[in-house]
Amino acid sequence: MIKTNDAIRNIAIIAHVDHGKTTLVDALFRQSGSASADSQDRIMDSGTIERERGITISAKNCAINWKDVKVNVIDTPGHADFGGEVERALSMVDGVVLLVDAAEGPLPQTRFVLQKALKLGLKPIVIINKIDRADARPKEVLDEVYDLLFELSDNEELLDSPVFFANGRDGICGRDIDHLSNNLHPLLDSILEYIPAPVYDDEEPFQMLVSDLSYSDFLGRLAIGKIINGSATVNEQLVCLEKDNIVRTLRVSKLHAYDGPTYHEVQKIISGDIVVLAGVDNVSIGDTICTKESPKVLPRIQVDEPTVAMQFSKNVSPIAGTEGTQLTSGKIWARLEKEALRNVSIKVEKNEDDSFTVKGRGEFQMAIIIEEMRREGFELCVGRPRIIFHRDENGQKTEPIEFVDIDCPEIYSGSVMDKLAKRKAKMSDITYNGERVKMRFEAPARGLIGYRDEFLTDTRGMGIMNSWIKGYEAYKGDFPSRLNGSLISDRNGSAIPYALFNFEDRGTLFIVPGEPVYEGLIIGLRNKEGDLLLNPTKTKKLSNMRASGKDEAVTVTPITKLTLEQSLQFIKDDELVEITPESIRMCKKILNAQARKMFESRGSIPHYIH
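Residues numbered from 1 in each chain as written. Predicted model: local features only at pLDDT ≥ 70, side-chain atom pairs only at ≥ 80, totals over all residues. Heavy atoms only, no water.

## Details of the overall build of the protein
Scanning the protein from N- to C-terminus turns up 14 helices and 38 strands. The C-alpha atoms of the protein give 27 Å as radius of gyration, which agrees with the globular expectation for 610 residues (25 Å, within 12%). Across its three principal axes, the protein shows a C-alpha extent of roughly 95 × 60 × 60 Å. Partitioning the contacts of the protein with sequence separation of at least 6, the portion at a separation of at least 24 is 71%. On the protein, roughly 27,800 Å² of surface is accessible, and the fraction owed to carbon and sulfur atoms is 48%. (Helix = DSSP H or I, 4+ residues; strand = E, 2+ residues; numbered from the N terminus. Rg over C-alpha atoms; globule rule 2.2 N^0.38 Å. Contact = heavy atoms within 4.5 Å. Areas by Shrake-Rupley, 256 points an atom, 1.4 Å probe, with all protein chains shown as cover.)

Put into structure tokens, the structure is as follows:
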């Protein structure tokens, strides 16, 4: 018999980057009594990188209690590269809170996540947030949200979804923008009233879908997911149904349920709740956990295929091992396997040459993985992000195409159009709004790699660019990536000010005096096509007629070091980024100049050279 658990609600909060999602969750915590008034901000952004960048990277579970009802809240990422996190989060909820900035309106990630939520039949509550902004246009944004709902679904009932106007930072909201409550209580009441309680079949055995994995130094491996049917106690014998219906016995040490931003131990878990099983081994996301007496599999979590691949290897530079502690290929592979276990949108493969291929949703997702690894002491080299091509039923080559939304001052629109046209992008829409212009393009995903920084430069930092996947289409043809060549060191040593000063007219330098250099290291961007070999260790020649102090001291122009993302976008197919806990460098795949010429004469680019 089908029943509902009215004591529980499961919701996900979805929004684009920087629309105030995590700040709103903080206010819900405080006003529901789940967190003290003086608790830290951005409770759900627990990761160091998340706090530094001000974005949510991984979906996180928490729970608040309101009027004797437990509300499980999942804070989801707002960046398209972390779409896999969103997909697994939506598998645990019965409704969503759609948060939209009152000035920016619904942006690509809003569309991406909302479309997936509506396909699953999840009911939305709409919040127009940041109504205190000077450029807020809440009523126009609400119309845009309705247009989006109408575009993504033919269910007219969605237009009757509850709508709130809110200022998440101050913790206030209301159904009428001119009459706001001084708290978020109306929103909490609406969640209980409008979001359906979880449904279960009391005749079915215990079934739990594993939607997330974690690890605790005290509890061991953790499996997180929603109980679809039934209940379980600590002493019950449970099994895991893996892919292809493989049955594996589990030894669950403890059962936990969420309470606030953390979880606590319980003796029994019930249908509809989101729980944590401690001490489980060899469990993957998408597996079904059920009782040994009545094993019954649930549909696995389905995620979109990866679109970008990168190759990882151990550090191949002559100065490898001087800055990190995790150096071997074996340790890198173990770390990548661990990442693939807890991230459903990542796939890792071993290559024949002791390197690894990592496939994911975008270069930003890859950059986050690399940044986490370097902070853990790893040294590694990675290649340029490359697009994963497919073949259609006729054997024709296809590639991922993305919608690209541009909002920039009109005076820079010509440069943007020209640059994107060279990358095989086609404009599908343009709208003029005063001195600004909004444009929509359809562009090959490979054409956007390395373009974001160029776009910010072309628009003097005043442009806004967002993109989301459209699908696979026929291959659009070749186009040049970076036209300028690289300045390359031809020997090992330390950079000398005198040499760097004399190289400044050759291009833009990336290194400073005293920095270690080696043969094959990229020390700058050349101002012409083709690579140029230079000797950055060259000193001024001295003689009896020319003393070292005779000439004026050289002054090297200060440089701006490339970030990890900028380095990944900068390198060409025959180059690598060397990453250590202390440094980010770029080098050629083949360090030796003579060996490099030999490969160039053959017209082939090698794999990693060790």
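## Quick word on the environment of Leu-521
Considering the arrangement of structural elements, one finds Leu-521 in the loop between strand E34 (516-517) and strand E35 (522-526). A relative accessible area of 1% means that Leu-521 is categorised as buried. Once the C-alpha coordinates of Leu-521 and Lys-589 are considered, the two residues, 68 residues apart in sequence, prove to be 9.7 Å apart. Leaving out residues up to four positions away in the same chain, Leu-521 has contacts with Leu-487, Ile-488, Ser-489, Pro-516, Arg-585, Met-586 and Cys-587. (Buried < 20%, exposed > 50% of the residue type's maximum accessible area, 1.4 Å probe, protein only.)

## Thoughts on the pairing of strand E21 (residues 308-314)
Counting buried positions along E21 yields six of seven residues, so the element is predominantly enclosed. As paired elements, E21 and strand E25 (residues 386-387) share two bridges and run antiparallel to each other. Looking across to E25, one finds that Ala-309 is bridged to Arg-386. With three bridges connecting them, E21 and strand E24 (residues 380-383) associate as antiparallel partners. By the bridge assignment for E24, Ser-313 is matched with Cys-381. (Pairing = 2+ DSSP bridges.)

## Focus: the nonpolar core
Counting residues in each nonpolar core, the largest one holds 37 residues, and the members touching the most others are Ile-74, Leu-90, Val-96, Leu-98, Ile-128 and Val-145. Ignoring any residue separated from it by four or fewer positions in sequence, one finds Ile-128 in contact with Val-100, Ala-102, Pro-138, Val-141, Leu-142, Val-145, Phe-164, Phe-165 and Ala-166. In this structure, Ile-13, Ile-127, Phe-164 and Leu-192 belong to the second largest nonpolar core, which totals 28 residues. (Core = buried A, V, L, I, M, F, W, Y, C linked by side-chain atoms within 4.5 Å.)

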